[in-house]
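Report on the structure
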Amino acid sequence: MFLKLNKTLLGGGVRDGSKTPGEFRSVQNYIGTQGSKIENASYIPPEPQLVDTFMSNR
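Let us look at the structure shown here. (Residues numbered from 1 in each chain as written. Predicted model: local features only at pLDDT ≥ 70, side-chain atom pairs only at ≥ 80, totals over all residues. Heavy atoms only, no water.)

Another aspect to go through is the overall build of the protein. Counting its regular elements, the protein contains two helices and zero strands. Against the globule reference of 10 Å for 58 residues, the protein gives a C-alpha radius of gyration of 14 Å, more extended than a compact globule. Structurally, the protein occupies a C-alpha span of about 35 × 30 × 15 Å along its principal axes. Per-residue burial for the protein yields a buried fraction of 9% across its 58 residues. Of the contacts formed within the protein by residues at least 6 apart in sequence, a portion of 11% connects residues at least 24 apart. With an accessible surface of roughly 5,100 Å², the protein has 55% of that area assigned to carbon and sulfur atoms. Distance from the positive charge centre (7 side chains) to the negative charge centre (5 side chains) of the protein: 6 Å. (Helix = DSSP H or I, 4+ residues; strand = E, 2+ residues; numbered from the N terminus. Rg over C-alpha atoms; globule rule 2.2 N^0.38 Å. Buried < 20%, exposed > 50% of the residue type's maximum accessible area, 1.4 Å probe, protein only. Contact = heavy atoms within 4.5 Å. Areas by Shrake-Rupley, 256 points an atom, 1.4 Å probe, with all protein chains shown as cover. Lys, Arg positive; Asp, Glu negative; His and termini not counted. Charge placed at Lys NZ, Arg CZ, Asp CG, Glu CD.)

Set out below in structure tokens:
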């Protein structure tokens, strides 16, 4: 459901061509102050290869 909604809302050229509406992220991201390194992040979400499993509610 989340992927379908994401594809509907962000598809059709709303975002730049490097984005993939309707798919889970494929790179690691984190929350921190601008320019900070991941080691200093205030939050690091699950690694990209784990997102599908965690979102599947298995």
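From this point, things continue past the structure.
Before going further, it helps to examine helix α1 (residues 2-10). Across the nine residues that make up α1, only a small minority, zero, are buried. Within two residues after α1, G12 carries a phi angle of roughly 75 degrees, on the positive side.

Attention now moves to the environment of L10. Position of L10 relative to the elements: it lies in helix α1. For L10, a relative accessible area of 22% puts it in the partly exposed group. Once the C-alpha coordinates of L10 and G22 are considered, the two residues, 12 residues apart in sequence, prove to be 8.1 Å apart.

By secondary structure assignment, the location of N29 is in the loop between α1 and α2 (48-55). Considered as a pair, N29 and L5 are 24 residues apart in the sequence and their alpha carbons are 21 Å apart. Dropping the residues within four chain positions of it, N29 is found in contact with I44 and P45.

Where nonpolar side chains cluster on the molecular surface, the patch consists of M1, F2 and M55 and spans about 410 Å² of accessible area. Looking at where F2 falls in the secondary structure, it is placed in helix α1. For F2, a relative accessible area of 55% translates into the label exposed. (Patch = residues over 30% accessible without salt bridge, like charges linked within 9 Å, V, L, I, M, F, W, Y side chains within 5 Å. Salt bridge = Lys/Arg side-chain N within 4 Å of Asp/Glu carboxyl O.)

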